[in-house]
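The primary structure of each chain is shown beneath.
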Amino acid sequence: MATQQHPPPTVSLIKRPLLKVFFIAIACCVCYFIGSYSNPNSTISTIQPHPPKCFLSNASTPNLPSLVLDFEAHHILPLPPESSKNGGFFDFCPANFTHYCPCQDPSRAKQFITTKFFHQERHCPGRHQALQCLVPRPNRYRRPFPWPESREYAWFSNVPFPKLSVYKKSQNWVRVEGDRLVFPGGGTSFPKGAKEYVDQIRRVVPLMSRNIRTALDVGCGVASFGASLMDYNILTMSIAPADLHEAQVHFALERGLPAMLGILSTYRLPYPSRSFDMAHCSRCLVPWTDYDGVYLMEIDRLLRPGGYWVLSGPPISWKSSYKGWERTTRELKQEQINLEDLARRLCWKKIAERGPIAVWRKPTNHIHCTQKLKAWKSPRFCAETDADAGWYREMDPCITRLPKVTHIRNISGGVLAKWPKRLNTAPPRIEDGVNRRANVVAFYKDNKIWTKRISYYGSVLKSLGAGRYRNIMDMNADIGGFAAAISKLPAWVMNVVPFDAQNNTLGIIYERGLIGTYMNWCEAFSTYPRTYDLIHAHGVFSMYIDKEAILGNFWVRAYREQVFSWKTGDVNCRIKVINSPERFRWSRILCDILDILFEMYRILRPEGAAIIRDHVDIIVKVKGITDRMRWKSNILHSEYGPFHPEKILFVDNSDI
């Protein structure tokens, strides 16, 4: 049977793989060229050769087409409208603002009652009264003397106030010699010099034991007492009001000594409980036994368990000094009886009265005190649960409770290491878990981080490593890592903890042997203009911007202390507002970046520096403002490198 022949199958060219790929490639090329010629604005025909420079500043970047990436922020930050409209320099304030202290303005103080010296408390201007100009330097301003020369000398043109040199001439506070101010080291109770006076205290108080590290000097004068304590590695927070003793705190800071404007009046001092190893008053004119003894109870709150209170002046040694004080012996005798009784009811023990000095010691715990209070007519224990609260919190005539202990020999709150071991040892508030957001592992990790950061800072700001910055402020200090890392430099740091920070760490800072204060950066700091050489601001601006994003322009009417609660979207908001007890007023909770920068300009010395760490978007905005303030600044990567969003703005005015 014959087999039927079939023709061979025809292979389609389209089904051949190589030809298929070839036709697809031709089609793509045709479409590409058609698209290019149909769009005359195509980037391929207009792009210009790019310079061989990888990183260009905004000012030097050529006008490239849309291919160039846009790194500018496109969300809105709460800056004032004029900052984006007017790119010129900010105006200087009138000359009469040269020594302006917004919250201690004498003209504003006249509006308040003088009872309990309330007029000398902080009274800050309202939002509509805040300065929108740059505080000018005085005529013939000169760079302050370097440390330690500044301890003895200052330029008169920088603090041109001769009143103290006349009023306190016999007590050797300060003398004017030509164009200089000379500080002989005298004081009201130690006209022959603070050194001899401190030697007397040393015979009673163990100043050389390294257990005493932080001290509080109330009514400090020009801080000669604090200057002498530095010989013992004791760091003193010196406070005094802006009163008839003209610019005494300004003199202290010009000398390179820690000081703040402050007064025992209505509110607690802005420090946490158990902050100071020693407190001192040398004829500071505080009526210790008035108002149910509330001022001495505030000292009790601030003293550490086992801390010392040193008093000289009325009524101590009244038998030999009453004529010079122009007071009757009967009056002074009764005043001392009342003082001794008040100290006894605070459970303090008087350990010495020698010559012009008397010394009491606070108990190391309250076991015996609790038993005595049941039998004595003594002040009650405070019901206040937050003993560390110190920002516009009214004083209460009661005894601040010490942390509980189980044995009479235990020290409430734990034992602190001796200085300088105390600086880098985890404090009891961390070890005992009192501060829930900080732990021992995080503490030591933070120490290493800041050691690395300070090394980086020094590579950029050469003056930092050279020790040219004496008065330094950390605006958001956290647990004091920045201050600890520069402790070997000839400098001191004012560690600021915002009063409404998520983590109240100021107690930890003091337990490390450092000093600091609470603060609200929507207000002015309690200091004079041009008093700090270096300002460090880590996350300060993002802190306030984040709050503004939640609260917006929320306004409250407050009297004394009120708590307001409300809800914004899914966020539950709660805020405590404290105002003048004398009158109603409207208060805005938040502030702008510009307000904070104007305050930084006020307190920074003209030749000073600033280090601002924050998110890149905020740093760009801040630089736009600092340029208008005539500050010389540069944005650099942080130690985390170019791909991390945190950047650093270095301001260095040393050549200005």
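Only a predicted model underlies this, so the values are computations on that prediction, with no experimental measurement involved.

A. Layout of helix α10 (residues 318-325). For α10, every residue scored as buried is listed here: Trp-318, Ser-321 and Trp-325. When α10 is viewed along its axis, its buried side chains cluster within an angular range of 85 degrees and face the same direction. Residues of α10 that are exposed and point more than 90 degrees away from the buried face comprise Lys-319, Ser-320 and Lys-323. With its phi angle positive at about 55 degrees, Glu-326 sits one or two positions after the end of α10.

B. Structural detail: the pattern of salt bridges. What the rule picks out here adds up to 28 salt bridges. Note that Arg-151 and Glu-152 form a salt bridge whose closest N and O atoms lie 3.9 Å from each other. The class for Arg-151 is buried, based on a relative accessible area of 17%. Given a relative accessible area of 33%, Glu-152 falls into the partly exposed group. Between Asp-533 and Arg-605 there is a salt bridge; the shortest N-O distance is 2.8 Å. Here the residue Asp-533 occupies a position in strand β14 (residues 532-538), and Arg-605 occupies one in strand β19 (residues 604-615), the gap between them amounting to 72 residues.

C. The arrangement of the packing of aromatic side chains in detail. Inspection of the entire model under this criterion finds 27 aromatic pairs. Their ring planes at 90 degrees and their centres at 5.6 Å tell us that Tyr-271 and Phe-276 sit as a pair that is edge-to-face. As far as burial versus exposure is concerned, Tyr-271 and Phe-276 are alike and both buried. Within the aromatic cluster, the residues linked to one another by ring pairs are Phe-112, Phe-118, Tyr-267, Trp-391, Tyr-392 and Phe-499. Taking NZ or CZ as reference, Lys-116 lies 5.1 Å from the ring centre of Tyr-291, over its face. The positively charged end of Arg-142 is found above the aromatic ring belonging to Trp-155, 3.4 Å away from the centroid.

D. Region of the structure containing the nonpolar core. Core analysis: the biggest nonpolar cluster contains 136 residues, and Leu-216, Trp-288 and Trp-309 have the highest contact counts within it. Looking at this core element by element, the count peaks at eight residues for helix α19 (residues 593-603). Contact partners of Trp-288, with chain neighbours within four places excluded, come to Leu-264, Cys-281, Gly-293, Tyr-295, Leu-296, Ile-299, Trp-309, Leu-311, Leu-339 and Leu-342. Core analysis: the next-biggest nonpolar cluster, separate from the first, contains 18 residues, Ala-194, Leu-229, Met-278 and Ile-357 among them.

E. Molecular detail of the side chain of Arg-304. In this structure, Arg-304 sits in strand β8 (residues 303-312). A relative accessible area of 6% places Arg-304 in the buried class. Of the polar contacts made by the side chain of Arg-304, one reaches the side chain of Thr-214; its length is 3.4 Å. From its side chain, Arg-304 meets the backbone oxygen of Ser-275 in a polar contact 3.1 Å long. In this view, Arg-304 contacts Thr-214, Arg-274, Ser-275, Phe-276, Asp-277, Lys-362, Leu-416, Arg-422, Tyr-510 and Glu-511; residues no more than four positions away in its chain are not counted.

F. Layout of the packing of α10 against helix α11 (residues 329-345). Where α10 contacts α11, the axes come no closer than 10 Å and their chain directions differ by 125 degrees. Regarding the angle of α10 to α11, the classification is oblique. Of the two elements, α10 crosses α11, and the hand of that crossing is right-handed. Where α10 abuts α11, its residues Trp-318, Tyr-322 and Trp-325 lie against Thr-329, Leu-332, Lys-333 and Gln-336. Class assignment of the residues belonging to the contact of α10 with α11 gives a composition of four nonpolar, two polar and one charged.

Conventions we followed
Residues numbered from 1 in each chain as written. Predicted model: local features only at pLDDT ≥ 70, side-chain atom pairs only at ≥ 80, totals over all residues. Heavy atoms only, no water. Buried < 20%, exposed > 50% of the residue type's maximum accessible area, 1.4 Å probe, protein only. Helix = DSSP H or I, 4+ residues; strand = E, 2+ residues; numbered from the N terminus. Arc of directions from axis to C-beta. Salt bridge = Lys/Arg side-chain N within 4 Å of Asp/Glu carboxyl O. Phe/Tyr/Trp six-rings, centres within 6.5 Å; stacked < 30°, edge-to-face > 60°. Lys NZ or Arg CZ within 6 Å of the ring centre and 35° of its normal. Core = buried A, V, L, I, M, F, W, Y, C linked by side-chain atoms within 4.5 Å. Contact = heavy atoms within 4.5 Å. Polar contact = N/O pair within 3.5 Å; in protein donor to acceptor, adjacent residues only side chain to side chain. Axes fitted to C-alpha atoms, helices over the stretch in contact; angles between N-to-C directions. Parallel < 35°, antiparallel > 145°, perpendicular 65-115°, else oblique. Left-handed = near helix turned anticlockwise from the far one by under 90°. Nonpolar A, V, L, I, M, F, W, Y, C, P; charged D, E, K, R; others polar.

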